[in-house]
Every structure is written in structure tokens, then in C-alpha cells.
Number of protein chains: 2
Amino acid sequence: MPDPTEVRTVACVGAGVIGGGWAAHFLARGYQVRAWDPGDGAEGRLARIVEGAWPALTELGLADGASPDNLTVLPSLAEAVDGAGFVQESAPEDLAVKRSLLADIDAVTPPGVVIASSTSGYGMTEMQTEAATPGRLVVGHPFNPPYLIPLVEVVGGERTERWAVDWASAFYRHLGKSVITMDRELPGFIANRLQEALWREALHMVANGEATVEQIDTAITDGPGLRWPVHGPCLTFHLAGGEGGMAHMLDHFGPSLKAPWTRLDAPELTERLRDDMVSGCESASDGRPIAELVAERDRAIIAVQRAVAASRSAHDE
Amino acid sequence: MPDPTEVRTVACVGAGVIGGGWAAHFLARGYQVRAWDPGDGAEGRLARIVEGAWPALTELGLADGASPDNLTVLPSLAEAVDGAGFVQESAPEDLAVKRSLLADIDAVTPPGVVIASSTSGYGMTEMQTEAATPGRLVVGHPFNPPYLIPLVEVVGGERTERWAVDWASAFYRHLGKSVITMDRELPGFIANRLQEALWREALHMVANGEATVEQIDTAITDGPGLRWPVHGPCLTFHLAGGEGGMAHMLDHFGPSLKAPWTRLDAPELTERLRDDMVSGCESASDGRPIAELVAERDRAIIAVQRAVAASRSAHDE
């Protein structure tokens, strides 16, 4: 297999929002990108996605030699993977399609080249069933837009070999991504489970006439959404506990887990879960005192609000 | 009742993280703040919270005459509300405490002055049962820290009079807040229901050893959390649908609502819910084309990432 830092050419299979976003990301990092999509109009769609992303990517800083011209759309899958040191599959979310496509990609891709699926929620175990050499198949789940959001969740299936998970994690890190390498399969992985719980609650509220789309979006953009780029949900609540941190927060607000604040039942707040949350927050914050985290959060919230306002007014001018 | 714009003095009842945060906010906006808390050490705690918040508030810009010196901690509730044109109650989340305290505040506050509770989840209907004049009691639910996060959710109980809900909404808007005025009570209001669904899923994952505190926080800060200050969950998915927007997104990803991506079951995706989501996104985005929203999102995500990075490195220097 190639060294993750020595790959120069990647193949993108699928030219939707995610496949196109990956292509833009690889192009901006200076790679040759070979793309294939069986659908009509794939070349035009890819070009529009890359064109739409390029101002942002230019603003962020392009790698040496990066150019939209390094994108080649090929007429067949075999030609697309030819010479690629990595393959990113971003087909529609349909298990039968993924299974068959991953087997096809596997059949034409040289041994030792890792093939990653952008799937939002299927496990690799259920997707790799038809592939001849499933050991190099991994999930590499990005977030939209893949050319800007750093997170990639990497996880293998039962027949994936460990080296492929490690190789993909190293490759994405080399690309500048923030990688979570998961040790076990979990439907929806981590970020989508969190996001999906929120989304389902939102859909219930609209379905029941309890809130409008606009109220739901304002509730997030002007509320907790301003904190989440700086501190995730755990550290956010660590700070909500005041000087007592997560321990005080759970002791104080723990009973509200029994309240019908969402349609999702909470787990039992056992001593063990409480202690895991408390020690997890200590560790995630490097044991920094609450006052220091509060100051960090405050600086960041102000900066985030200004950044969003400026990016809106830049548009209005 | 006073005009919302003519209030000069507010009373803060409760000196925890939220009560102290409200005090800091009112002080920064130039108000005289009269505070009371029956607990030990309230004066010192309040002073520390205001001191911790002041650099951020100064950076944001103080109103004329704003000063931490305008905070007076009084020895009794009656003295605290004396002369106040508005009362914000931020006692611990305990229904019996809230009921009794709101009745006590009501008893000593002049008629026509609105009394708002910071409760995170109780309905005003269940909290106003012991008050003699419940018509001026409303929920005014802020987000931590109340001196920076704009969102305030305003909702009355069954015995609340409409003028009080309108008055509180106008007063918070005058303070610069982003106000959601709810027409009906809903446990946890809107933002907390969304946030709480995500939080409960996080607790389940930690309880089951499926993810660590650190992985959960990274999944949000480096993933969907970067989009939420600019577009809420609905517009985020409107963009995930590509040129087809929310309609394409629901038609494409709708089936995944049946998948076990979270422990929260989704509602049935009826034609009506689909259409409500599609028209809601059209309305929330003022019908702007997806490409324009994508450009806005991209500018904002870059700016948000830079803002967070800068606020961290400012600290490290």
C-alpha cells in the first residue's frame, strides 16, 4: 500500500453534494481527482459544485498546484480508479447500491488501495458483503460541506482489516481533517446520532404544530448553536454547573432527565454514568478551571457572532 | 405598567450562574440592578460572575453609565424589588421552590410590573398556582451565558395575561435579545427540547461505552456544530439536499428516519409534514436560491473557525 502522505491521485465515485464536495476538497489540497458517476449530467454538476466551493477554498489557502483543472471525469469506474492511491465512494444512500458498487470498485482497484465510503449511516459490515477483498473497505463519513467541515468518522466492518482503518485515519489527518476513529460500529456513528436526535425532535415539533421551521432554526442559531463550535455538549454543560462543573450540573439538573423535555427517554443517571461524565469533562478540558473555560467560551461566542454577522453583511453589500 | 423602554431598574432574584449572568447583562446595558438570594455567599458569587463577564461585555460595548457598581445586593426580597420596573427570577429548578418564590415575589412587587422566570423547563401554568396576581407572571428562558447568548424564549401560563407576554417580549427585544414568543406551553420550550434530545443521546452513548465524552464533543465542535451558528437544523438540511433543497433531502434521506441512528423514534414523514418542512425552509430562507445559501454558509463556517481559533490562541499567548 502507498504511504498516506505520498498519494497524489484520488478517485471520487459519485457526483452528488457529498461526492462533489470531496472532489473540491481534494482539488484544493493539490490532488489529481478522477471522478465517475453513472448519472446524467454528472460532469456539469461536479463543475458547479467545485466552482461554488472554490472561493471559500481560495480564501482558506490552496495547496501548491491546486486547480479545478486537476479534475477529470471518466466514462467508466475502471478508468476512474486507475492510478488512484485512494478511493472515496459517495453514492446515494441505498444499501443494495452501496453493496454492489463497493464490490465493483473493489474488483477494479489495485490491491492495497483503501476504499472509503461516505455513507451517512450504514455499517461497513452490511456494505462489504459482496466485495472480494473487504479488508480494505472502511467508512470515512464526512460532513457537509466536506471541503470545509473538518470532521471525518472512520470505522471498519467485521471483515475490515485494522491497517485499512489506520491508513484511512492517517490519510484524512494528512488532509487536515479532524478524525474520530471508532473502535466499533454504531448505527449513524457519533455525530449523526447526536444531530439526528435533535432533527427528529424538530420534525416532531413541526408535525404537532408546536414550533415552526423558523422558530426551530432561530432557537439554534441564536441559542445553543453559538456555543457548539467552541465547546461540545458535554463541556457546555460542564460550564453550566458553575464552579461545581459537570458534577454540580448532574446533581442539580439530573432530575430534569425524567422530565418530558424531548420525546427521547434518558438513560438512568447511575453513579457510574455520573462519574464517567465528570471525569470525561475533566479530561476533555485538561482539568482547566471553570473560570478559564468560561473566559474562553465568552471570547469565542463574541468572535463567532461577529464572524457570522460579517459574513452576512459581506453578502448584503 | 411602565413602558418597556423606560425601565431603569431591574430586580434579579437568585444569584447562581443564570441569575448572575442576567445581572451582568442588565448592568452592561446600563441598568440599576437590585439582587437578592437567600443563600450564603450570594454577594461574593454575584461579584465573581459579574467580574468574569465584564471583559466580554466591555469588548461588546457597554451602554452609557454601565458599571458593576450599579449592582446592589439587598438583604430581603421586598427591598430588592422596591422600585424595579421588571423582575427576573432565577432560583434553582425545583417546582415547589419556584411556586412559593413566585408567590412571594408577586406579593411584594407593585402591580403592573412583569415578573419573568428563568426556568429551564417548568411551565408557567404549574408555577403560578400560588400567586395572587398570576396574570403578570411569564417564563423568560435565557441561555447560558445570559449576557452573551441572544435567545430568550417567552411564554405564559394559562393564567398569564397576554399583555404580560407582549411586554416581556418587547422588553427583552429592547435589551437586544433574540426573542421567540411561544403561543403555547411545551415542556422544555423549543431550544431545550432540541438540545436535550442531543444531550440524552450523548448520555446513552457514554452509558453504553459507545463513545467517550471527548469523542462526543469533538463530533460536535468539528462537525455539525460549525454550521449551527449560521443555519439551524432545518436550513442545514435544506442545503444538504443540493439544488433540490429540503424536498430532495426528505425524498432522499427520508427512509433513514426509520434507521436506528438515535434512540429517538422519528414521526411519520407524512405528505403534510414534508410539505410543511419544504415551505418552512422556503420561508425561513426568504426563497433565496441554494447556491446563495451555500456561499453564505461557506463564508460563515470559515469565519467561525477562524474566530474560534483566534479566541483560543489569544488565550494561549
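Here the residue numbers are simple positions, counted from 1 along each chain's written sequence. The lettering of chains begins at A and the numbering of ligands begins at 1, in the order of writing. Only residues with pLDDT of at least 70 are given local features in this predicted model, and only at 80 or more are side-chain atom pairs given and counted; all residues enter the totals for whole chains, interfaces and linings. Heavy atoms from the whole structure form the basis of all side-chain values; hydrogens and water molecules are not counted.

## Regarding the relation of the copies chain B and chain A
Phase 1: We place the copies in one frame by least squares, fitting the C-alpha atoms of every residue whose pLDDT is at least 70 in both. Placing chain B over chain A gives an RMSD of 0.0 Å and needs a rotation angle of 180°, together with 0.0 Å of translation along the axis. The symmetry that links the two subunits is that of a two-fold axis.
Phase 2: Note on definitions: a residue-residue contact is assigned when non-hydrogen atoms from the two residues lie within 4.5 Å. Both copies present the same face, since 100% of the interface residues in chain B are matched by interface residues at the equivalent positions in chain A.

## Focus: empty space enclosed by the protein
Residue and element names in this part refer to chain B.
Phase 1: Here a cavity denotes grid points, spaced 1 Å and computed from the protein atoms alone, that fit a 1.4 Å probe unable to get out, and a pocket denotes an open set having protein on both sides within 12 Å along at least 5 of 7 lines; residues with an atom within 4 Å of a point are the lining. Grid points are joined across faces, edges and corners, and a volume is the space filled by probe spheres set on the points. Evaluation of the coordinates by the stated rule reveals one cavity of 30 Å³ or more.
Phase 2: Of the voids in this model, the largest cavity is the one considered here, and its volume is about 30 Å³.
Phase 3: Lining the largest cavity, in full, are Arg227, Val230, His231, Thr236, Leu239 and Arg297.
Phase 4: Only Asp, Glu, Lys and Arg are considered charged in this grouping, and only Ala, Val, Leu, Ile, Met, Phe, Trp, Tyr, Cys and Pro are considered nonpolar; every other residue, Gly among them, is considered polar. For the lining of the largest cavity, the residue count by class is two nonpolar, two polar and two charged.

## Things to note about the packing of helix H11 (residues 271-284) of chain A against helix H7 (residues 191-207) of chain B
Phase 1: One way to put it is that H11(A) packs onto H7(B) with a least axis distance of 10 Å and a crossing angle of 105°. By the angle between their directions, the pair H11(A) and H7(B) is classed as roughly perpendicular. Where H11(A) abuts H7(B), its residues A:Leu273, A:Asp276 and A:Met277 lie against B:Trp199, B:Leu203, B:Val206 and B:Ala207.
Phase 2: Looking at the contact of H11(A) with H7(B), its residues break down into six nonpolar, no polar and one charged. Simply put, an axis is a line fit to the C-alpha atoms, just over the touching stretch for a helix, and the angle between two N-to-C directions goes from 0 to 180 degrees. For the purposes of this entry, the term helix denotes a DSSP run of H or I that reaches at least four residues, the term strand denotes a run of E that reaches at least two, and both are numbered from the N terminus. Just so you know how the angles are binned, under 35 degrees is roughly parallel, over 145 roughly antiparallel, 65 to 115 roughly perpendicular, and the rest oblique.

## Brief notes about the environment of A:Glu79
Residue and element names in this part refer to chain A.
Phase 1: The topology assignment puts Glu79 in helix H3 (residues 77-81).
Phase 2: The rule is simple: take the accessible area with a 1.4 Å probe, protein chains only, and divide by the maximum for that residue type; under 20% is buried, over 50% is exposed, in between is partly exposed. Owing to a relative accessible area of 35%, Glu79 belongs among the partly exposed residues under this scheme.
Phase 3: Spatially, the C-alpha atoms of Glu79 and Ser169 are 26 Å apart, while their sequence positions differ by 90 residues.
Phase 4: When near neighbours in sequence (up to four residues on either side) are disregarded, Glu79 contacts Arg34 and Leu74.
Phase 5: N or O atoms within 3.5 Å of each other form a polar contact, as long as, within protein, one can give a hydrogen and the other can take it, and as long as residues adjacent in sequence are counted only when both atoms are side-chain atoms. Side chain to side chain, Glu79 and Ser76 meet in a polar contact 2.6 Å long.

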